[in-house]
Amino acid sequence: MITKVLQIDESALSLSKKIIENGGVVAIPTETVYGLGANAFDNAAVEKIFEIKGRPNDNPLIVHVHKDYDISTLVEDIPDYAKLLAKAFLPGPLTMVYKSKGTVSSVVSCGLNTLAIRIPSHEGAQKFLKYVNLPIAAPSANVSKHVSPTTAEHVFTDLNGKIELILDGGKSQGGIESTVLDCTGVAPVVLRSGLITREMIAKVVGECGEYVYKDGMRAISPGLKYKHYSPNCRTVLFNSDEIGKAVNLYNEETSKGARAYILCDGEAARKINVANVLNLGDGENEIASNLYLKLREGEKIADIIIAVAPEKQDGVMVGVMNRLTKACR
Ligand code: TXA
Ligand code: MG
């Protein structure tokens, strides 16, 4: 199979609809990362997603819908705080977990009685979702455990020959996956941090919890327990106050003939004097936007990526650090 990469126009949308209606999968852009989508009502189609990605079958998928889709056909018991949050942040990079009505394929939630719903803000994603007018189950469009894709080219690298179509919507500006928020309790709880931060949520509804997964625990969001976001080369992570150690390792590796690269934010990049730097830029949103891009760039040219954590660790950086730590494990 040759994987087509198409700009999002009428003929691409019409082809994507045909593929989805025939039980196939299509890669789609979103404002966070690219997704690998299938009709959420179709068991076999959703199973294909797990197969293509090599994804563990107890890690549930997010269902994506367009902004006018009536989600009360999919989930129930939507609390008032969730309605406020939807008003404040949707469409956008916030996924909300509700009690499922069981109308989509049971494969989507891997047997859980909840369903994660996301309304992406990306214009191309909205066009696609509106065009097919179906709930689309979609994980990130990478091979399982690899770095998530933020360009059509990244998807092509991972899935060429395995899927029929990639809709090309340019670079995903957000750069890290959506915030996953449990909306089944009396107050919201962040299951996976992202661009919509716990502070932003608390500002709207007064309080917001955060779920911290520890090894060996039964995960309420199964995705938390898996290895993730890893580049295909060696990786090491240093704290922001260990720039000296990072540079020493860089010099050591370089003198052994290894191609070493330091991955860090603009602030650290200005402090060090080495030839090979993967600069994440400045400010939390820019750093998030560049994280996967630079990890993917790095794995193509480096034998080892030596990452230095940015100094700022709150807000969006909670999500960035979560990914960076897993990438460097
Ligand atoms: O930004 C995103 O969310 C991207 C784009 C494509 O929309 N999607 C994405 O999907 O990151 P994925 O499959 O890579 O991550 C889904 C996360 C996993 O951590 C999974 O465990 C969690 O959402 N999840 C899905 N359904 C859930 C549920 N019913 N309860 C708790 N967690 C759930
Ligand atoms: Mg993923």
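The paragraphs below set out a description of the structure included in this document. Note that this is a predicted model, so its numbers are computed, not measured.

## Observations concerning the packing of helix H9 (residues 284-301) against helix H10 (residues 316-327)
Alright, step 1. Relative orientation of the contacting elements H9 and H10 amounts to 20°, with a least axis distance of 9 Å. If you check the angle between H9 and H10, you find them roughly parallel. In terms of crossing hand, the pair formed by H9 and H10 is left-handed. Across the interface between the two elements, Glu-284, Asn-285, Ile-287, Ala-288, Leu-291, Tyr-292 and Leu-295 of H9 pack against Val-316, Met-317, Val-320, Arg-323, Leu-324 and Ala-327 of H10.
Alright, step 2. The class makeup of the residues in the contact of H9 with H10 is 10 nonpolar, 1 polar and 2 charged.

## Regarding the packing of aromatic side chains
Alright, step 1. All chains considered together, the criterion is met by 1 aromatic pair.
Alright, step 2. Ring centres 5.8 Å apart and planes at 25° place the aromatic pair Tyr-229 and Tyr-292 in the stacked group. Taken together, the positions of Tyr-229 in the loop between strand S12 (209-210) and strand S13 (234-238) and Tyr-292 in helix H9 put the pair 63 residues apart, joining distant regions of the chain.

## Re the pairing of strand S9 (residues 165-168)
Along any regular strand, the residues point their side chains to alternate faces of the sheet.
Alright, step 1. Residues Leu-165 and Leu-167 of S9 are buried on one face, and the alternating residues Ile-166 and Asp-168, pointing to the opposite face, are buried as well.
Alright, step 2. When strand S1 (residues 4-7) meets S9, the two strands line up parallel, connected through 4 bridges. Of the residues in S9, the one forming a bridge with Leu-6 is Leu-167.

## As for the sheet that holds S13
Alright, step 1. Read across the open sheet, the 4 strands follow the order S13-S16-S14-S15; overall the sheet is parallel. What marks the edges here is a single partner per strand, and that holds for S13 and strand S15 (277-279). The mean inter-strand angle of the sheet, taken between neighbouring strand axes irrespective of direction, is 20°.
Alright, step 2. Sheet topology note: the S13/strand S16 (residues 304-308) ladder contains 5 bridges and is parallel. Bridging across to S16, Thr-235 finds its partner in Ile-305.
Alright, step 3. In this fold H9 packs onto strand S14 (260-264), S15 and S16, with an angle of close to 165° to the strand it touches most, S15.

## Notes on the nonpolar core
If you look at soluble globular proteins, the nonpolar side chains tend to sit buried side by side.
Alright, step 1. Counting residues in each nonpolar core, the largest one holds 46 residues, and the members touching the most others are Leu-36, Leu-74, Leu-85, Leu-94, Val-108, Ile-163 and Ile-201.
Alright, step 2. When contributions to this core are tallied by element, the ones reaching two or more residues are strand S3 (35-39), helix H2 (43-53), helix H3 (80-89), strand S6 (94-100), strand S7 (114-118), helix H5 (152-159) and helix H6 (198-205).
Alright, step 3. At 5 residues, the largest contribution of residues to this core is made by H2.
Alright, step 4. In this structure, Leu-263, Ala-309, Met-317 and Val-320 belong to the second largest nonpolar core, which totals 26 residues.

## As for the packing of H5 against H9
The angle between the axes and the distance between the axes are what describe a pair of packed helices.
Alright, step 1. Their axes nearest at 11 Å, the elements H5 and H9 cross at an angle of 50°. As far as their axial angle goes, H9 and H5 are oblique. The interaxial crossing formed by H5 with H9 has left-handed handedness. Where H5 abuts H9, its residues Glu-153, His-154, Thr-157 and Asp-158 lie against Leu-293, Arg-296 and Lys-300.
Alright, step 2. In terms of residue class, the contact of H5 with H9 is built from 1 nonpolar, 2 polar and 4 charged.

## Topic: the pairing of strand S11 (residues 189-192)
Alright, step 1. With 3 bridges joining them, strand S10 (residues 179-182) and S11 adopt antiparallel strand pairing. Bridge pairing in S11 places Leu-181 opposite Val-190.
Alright, step 2. As paired elements, S11 and S12 share 2 bridges and run parallel to each other. Bridge assignment links Val-189 to a residue of S12, and that residue is Gly-209.
Alright, step 3. One crossover worth recording links S11 to the parallel S12 by way of H6, and it is right-handed.

Conventions and cut-offs
Residues numbered from 1 in each chain as written. Chains lettered and ligands numbered in written order. Predicted model: local features only at pLDDT ≥ 70, side-chain atom pairs only at ≥ 80, totals over all residues. Heavy atoms only, no water. Axes fitted to C-alpha atoms, helices over the stretch in contact; angles between N-to-C directions. Helix = DSSP H or I, 4+ residues; strand = E, 2+ residues; numbered from the N terminus. Parallel < 35°, antiparallel > 145°, perpendicular 65-115°, else oblique. Left-handed = near helix turned anticlockwise from the far one by under 90°. Contact = heavy atoms within 4.5 Å. Nonpolar A, V, L, I, M, F, W, Y, C, P; charged D, E, K, R; others polar. Phe/Tyr/Trp six-rings, centres within 6.5 Å; stacked < 30°, edge-to-face > 60°. Buried < 20%, exposed > 50% of the residue type's maximum accessible area, 1.4 Å probe, protein only. Pairing = 2+ DSSP bridges. Core = buried A, V, L, I, M, F, W, Y, C linked by side-chain atoms within 4.5 Å. Right-handed = clockwise from strand over helix to strand, strands pointing away.

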